[in-house]
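Residue strings, one per chain:
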Amino acid sequence: MSRSLRPLLAGLTSSALLLVPAPSMGESTMVIQGNAGASLDFRIIIPPIMRVLENSHPTQMDPLVGGDWRAEQRLVIVSNMKRGFCVTLRMSSPEVDAWRLQTEQSGGITLSPVNDGYRLCTPRAGRYTLLLQHDFEAARNTLPTASLRWPVQTDITAL
């Protein structure tokens, strides 16, 4: 082959290769007649959340007549846990000899005594406002005029 035909042959060969579809090209088809369909799958994952919006109670309590104490605790908790959550309230003061806790048990909320306190559970996700009434009896060695720092430790666990 002559030298003058080589560039012409190379040009024709590269032009012919441009007309052949490459394996790396994306797939697509155009449907002119008939039905076309496509689907997308979305998955939205919401992480589990439990947030204490409020845990208010007196930091210091003055004694009632006879040396005992009474106080109200307000817990506002928001949770998206499907099976709910539990609040465990534990006594953390040697000045208290006995402790009683009362709350309204509506909407499936349960209150039960445990070894060193109480356990309050909710059955499902939601926003809960819990008003807890605490009655504390002073230990024998406690002065009847002594004030008491808040003696309850609050722990929250998911179910």
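Residues numbered from 1 in each chain as written. Predicted model: local features only at pLDDT ≥ 70, side-chain atom pairs only at ≥ 80, totals over all residues. Heavy atoms only, no water.

Here 4 strands make up an open sheet; going across it, the order is 6-7-4-10 and the pairing antiparallel. The two strands at the open ends of the sheet, each matched to only one other strand, are strand 6 (110–114) and strand 10 (152–158). If you compare each strand with its neighbour and ignore which way they point, the axes differ by 20° on average. Pairing geometry for strand 4 (residues 85–91) and strand 10, over 7 bridges, is antiparallel. Following the sheet pairing, M91 is matched in strand 10 by V152. (Pairing = 2+ DSSP bridges. Helix = DSSP H or I, 4+ residues; strand = E, 2+ residues; numbered from the N terminus. Axes fitted to C-alpha atoms, helices over the stretch in contact; angles between N-to-C directions.)

Right, let's talk about the state of the cysteines for a bit. Covalent bonding between the sulfur atoms of two cysteines is what defines a disulfide. In the structure shown here, the tally under the stated rule is 1 disulfide. A sulfur-sulfur distance of 2.0 Å marks the disulfide that ties C86 to C121. On the sign convention where negative is left-handed, the bridge of C86 and C121, at about 110° about the S-S bond, is right-handed. With C86 in strand 4 and C121 in strand 7 (residues 117–121), the pair connects residues that are 35 residues apart, well separated along the chain. (Disulfide = S-S within 2.5 Å.)

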